[in-house]
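The chain contents come next:
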Amino acid sequence: VQLQASGGGLVQAGGSLRLSCAASGRTFSSYSMAWFRQAPGKEREFVAGISRLGGSTYYPDSVKGRFTISRDNAKNTVYLQMNSLKPEDTAVYYCAADWAYGGSIATRQADYDYWGQGTQVTVSS
């Protein structure tokens, strides 16, 4: 699976951005998908995950209620809608794919098999 993330940019605090991650290769619906982010000097962290068929999602408290992950298996694409952005959301955002069973969603980096190249999100105060 090859993943291509896009949609990052510069936005003011309180604004919104929508990230996209297009997949090619193997059957997209066999993979649960996630977004991670990494800020300068910090470890990469999980920000959203969605199950293979989209029936389940999971968010950490830091983004819950502000970020929404979705997927379109017909288009082999996963999205991350980010609202009410804060300066602390500034990071490089990565999409990732995990060969999954059922409705499971992994939150550890090591569980993900494929990664996109990352897209920069910068939130100004």
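Here, the structure is the one placed above.
Residues numbered from 1 in each chain as written. Predicted model: local features only at pLDDT ≥ 70, side-chain atom pairs only at ≥ 80, totals over all residues. Heavy atoms only, no water.

Chemist: Explanation requested: the overall build of the protein in the structure shown.
Modeler: On a plain count of helices and strands, the protein comes out with 0 helices and 11 strands. At 13 Å, the protein has a C-alpha radius of gyration in line with the 14 Å of a compact globule built from 125 residues. In the protein, which comprises 125 residues, the share counted as buried stands at 43%. Put simply, 59% of the contacts in the protein that link residues at least 6 apart link residues at least 24 apart. Summed over its atoms, the accessible surface of the protein is roughly 6,200 Å², and 46% of this surface lies on carbon and sulfur atoms. Charged side chains in the protein number 12 positive and 9 negative. The centres of these two groups are separated by 5 Å. (Helix = DSSP H or I, 4+ residues; strand = E, 2+ residues; numbered from the N terminus. Rg over C-alpha atoms; globule rule 2.2 N^0.38 Å. Buried < 20%, exposed > 50% of the residue type's maximum accessible area, 1.4 Å probe, protein only. Contact = heavy atoms within 4.5 Å. Areas by Shrake-Rupley, 256 points an atom, 1.4 Å probe, with all protein chains shown as cover. Lys, Arg positive; Asp, Glu negative; His and termini not counted. Charge placed at Lys NZ, Arg CZ, Asp CG, Glu CD.)

Chemist: Help me understand the environment of Q117, please; the structure alone is not making it clear to me.
Modeler: You can see Q117 is positioned in the loop between β10 (114-115) and β11 (119-124). A sequence separation of 23 residues divides Q117 from Y94, and the C-alpha atoms of the two residues are 6.5 Å apart. When sequence neighbours within four positions are dropped, the list of residues in contact with Q117 reads L3, Q4, A5 and Y94. From its side chain, Q117 meets the backbone oxygen of A5 in a polar contact 2.8 Å long. (Polar contact = N/O pair within 3.5 Å; in protein donor to acceptor, adjacent residues only side chain to side chain.)

Chemist: Which parts of the structure should I look at to understand the environment of Y93?
Modeler: Within the element layout of this structure, Y93 appears in strand β9 (residues 91-99). Remark: the alpha-carbon pair of Y93 and A5, spanning 88 residues in sequence, is separated by 8.3 Å. Residues in contact with Y93, not counting those within four places in the same chain, are L19, W35, F36, R37, V47, F67, L80, M82, G118, T119 and V121. Within polar-contact distance, the side chain of Y93 engages the side chain of R37 at 3.0 Å.

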